Structure formats: C-alpha cells, structure tokens
Amino acid sequence: MSAMTQTVRLARLDLGLIFRNRSALTNAILMPLAVAALLIGVARGQGDEALTFAVTGQMAAMLLYAPMVNLAGFFTSRREELVLKRLLSGPAPARAILGGSALGAIAVAMLQILVLVVAAIVLGVGAPSNPVLMLAGALGGAVFFCLLAMVISGLSATGELAQLATVPVLLIGYGLAPTMMPMDYLPETVQRIAEYLPVTPIADLIRTGYAGGAELAATLTSLGVLAAWVLVVAVLARRYFRWDPRRG
C-alpha cells in the first residue's frame, strides 16, 4: 500500500472521529461557523463593502480551528495515549500518519470555506474573481496552521493544554489580523506589526482572490510573507513535535 493511500485512509478515519466526537464537532465545525454567521450578519447591515470584508475575513478565520485548535488537541491526546507510537510501529510511515491527520483537518476547513462561498453568493457578494489565488491562500494557511498545531502539541503535556495554548493565536487572528475589521482601525505601530503576522497574508490572499483589487506587488508580498512563515513553522515542527508521551 502506498504512502498516499495510507494518508487518505487515515484522513478518512480522522474525519469520522471529528463527526463522532461532540467536542471536536463543536470546536472544529459548529462554533467557527456560528461565529462567522454572527459577524457576517452584523456586517450585512453595513453595506456591500463591509459584507465582502466580513465574508472573506471569516474564510481566513476558518483555518484557525480544525487545522490548529482541533489538530493540536488530537496530536497531543493521541501521543499521551500511545496511539501515535502504535501507528508508528505499523506499516504506515510517519509522513502518512501526520499527513492523514492534517489532510482530514484541511478537508474540514475547505468545506467550511465552501459553505461561506455559497453564503456569499446567496447574499449577493458574488463568486470568487480569482479562485486559484484564493485557494493558494487558503491551502497555504491551512498548511501553516497544521504545522503550528504540531509545534503546540510538542510543547503541551495534555490535549486540553494544547487547545488552551491555541487561544492566544485565536485572539491575535481575530484582534490584529484583518479578519474581523480592517487594520486601519489599529494604531499605526500595531499595524506595522500586524502586517507580518501569519494570519494577515492569509486573509489578504483570500480576500484578493475573492474580491480582487490588490496590486501585484502587494499580492507577491503576501505570498512571500506566508511562505516565510510556513518555512519557519516547519523547522519548529521538526524540532519540537514528539512521538513519545510526556507523562510516565
């Protein structure tokens, strides 16, 4: 059996676990969609520009949940319960084990984004103007957060602590990155910092891919910043991810 086949099989297993586990179903799927619906509902009464901003911002925000919050908890809980060690002792290589979990989480996030695309069309925002760029931003962001989940897992002793450790990233993703509101509302010094946070280029690429309007230089800058963050977090994941439990 090829590594790709094993990866897909493990991804299907993870998807099944998400839909059977009430906590995972709530945290990874229902809660982010509920938050998105609330914010989009508020923006709907503020004009087309605000609605477009809200919809595209929440597409980026979807990547914070299944690929990061849920996956960090999954990795850590499975490590502490020796599930990862048992999988590693089987026929599946490490890249298939980790890739299967990541693929399942990415599939959930992409499905949520698709739901928001349908909602955007229904609400009159229209279809994506550049689906390829939008998909590049979404997939790049999903890969970044899956790798970040590996880092957080490696530094956490339990699944609960791993999910708690994702809260600061969530707050930054909603408070400083352009997912809820334009960065123009932030102080100028904070804006300069926020421009180089990982969620910012993700949101910018998704928004540009959906609504257009950005200059080529700005798009290339966003792609470069996101690629740099993916490289950094990949190095950290390789350094800190653990297969052995932290507790006895």
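Up top you'll find the structure we're talking about.
So, a few notes on the structure that sits alongside this text.

### Focus: the packing of helix α7 (residues 131-154) against helix α11 (residues 199-211)
Part 1: The geometry of α7 relative to α11 is characterised by a closest axis approach of 7 Å and an angle of 160° between their N-to-C directions. In terms of axis orientation, α7 runs roughly antiparallel to α11. Helix-helix and strand crossings are classified by hand; for α7 and α11 the assignment is left-handed. In this structure, α7 contributes Pro 131, Leu 133, Met 134, Gly 137, Ala 138, Gly 141 and Phe 145 to the contact, and α11 contributes Val 199, Ile 202, Leu 205, Ile 206, Thr 208, Gly 209 and Tyr 210.
Part 2: Here the residues of the contact of α7 with α11 are counted per class, giving 10 nonpolar, four polar and no charged.

### Describing the pattern of salt bridges
Part 1: Following the criterion strictly, the structure yields four salt bridges and no others.
Part 2: Of the charged contacts in the structure, one is a salt bridge between Arg 78 and Asp 14, with a shortest N-O distance of 2.8 Å. Taken as a pair, Arg 78 in helix α4 (residues 65-80) and Asp 14 in helix α1 (residues 3-20) lie far apart in primary sequence, 64 residues in all.
Part 3: The class for Arg 78 is buried, based on a relative accessible area of 12%.
Part 4: According to the relative accessible area criterion, Asp 14 is buried, its value standing at 5%.

### Details of unusual backbone geometry
Part 1: Positive phi outside glycine occurs at Leu 82, with the angle close to 65°.
Part 2: Taking the relative accessible area as the measure of exposure, Leu 82 reaches 38% and is therefore partly exposed.

### Observations regarding the packing of aromatic side chains
Part 1: Per the counting criterion, the structure on display carries four aromatic pairs.
Part 2: Centre to centre, the rings of Phe 144 and Phe 145 are 5.0 Å apart; their planes meet at 80°, and the pair counts as edge-to-face. For the pair Phe 144 and Phe 145, one class covers both residues: buried.
Part 3: Considering the side-chain rings of Phe 144 and Trp 229, the 6.1 Å spacing of their centres and the 80° angle between planes classify their relative orientation as edge-to-face. On the criterion of sequence distance, the pair formed by Phe 144 in helix α7 and Trp 229 in helix α12 (residues 216-240) is long-range, its members being 85 residues apart.
Part 4: For Phe 144, a relative accessible area of 3% puts it in the buried group.
Part 5: Looking at Trp 229, the relative accessible area reads 30%, which means it is partly exposed.
Part 6: Grouped by ring-pair contacts, the aromatic residues Phe 75, Phe 241 and Trp 243 constitute a single cluster.
Part 7: The lysine or arginine in question, Arg 207, covers the ring of Phe 53, its NZ or CZ lying 3.7 Å from the ring centre.

Calculation rules
Residues numbered from 1 in each chain as written. Predicted model: local features only at pLDDT ≥ 70, side-chain atom pairs only at ≥ 80, totals over all residues. Heavy atoms only, no water. Axes fitted to C-alpha atoms, helices over the stretch in contact; angles between N-to-C directions. Helix = DSSP H or I, 4+ residues; strand = E, 2+ residues; numbered from the N terminus. Parallel < 35°, antiparallel > 145°, perpendicular 65-115°, else oblique. Left-handed = near helix turned anticlockwise from the far one by under 90°. Contact = heavy atoms within 4.5 Å. Nonpolar A, V, L, I, M, F, W, Y, C, P; charged D, E, K, R; others polar. Salt bridge = Lys/Arg side-chain N within 4 Å of Asp/Glu carboxyl O. Buried < 20%, exposed > 50% of the residue type's maximum accessible area, 1.4 Å probe, protein only. Phe/Tyr/Trp six-rings, centres within 6.5 Å; stacked < 30°, edge-to-face > 60°. Lys NZ or Arg CZ within 6 Å of the ring centre and 35° of its normal.

None of the figures reported here should be taken as evidence of function without further support.
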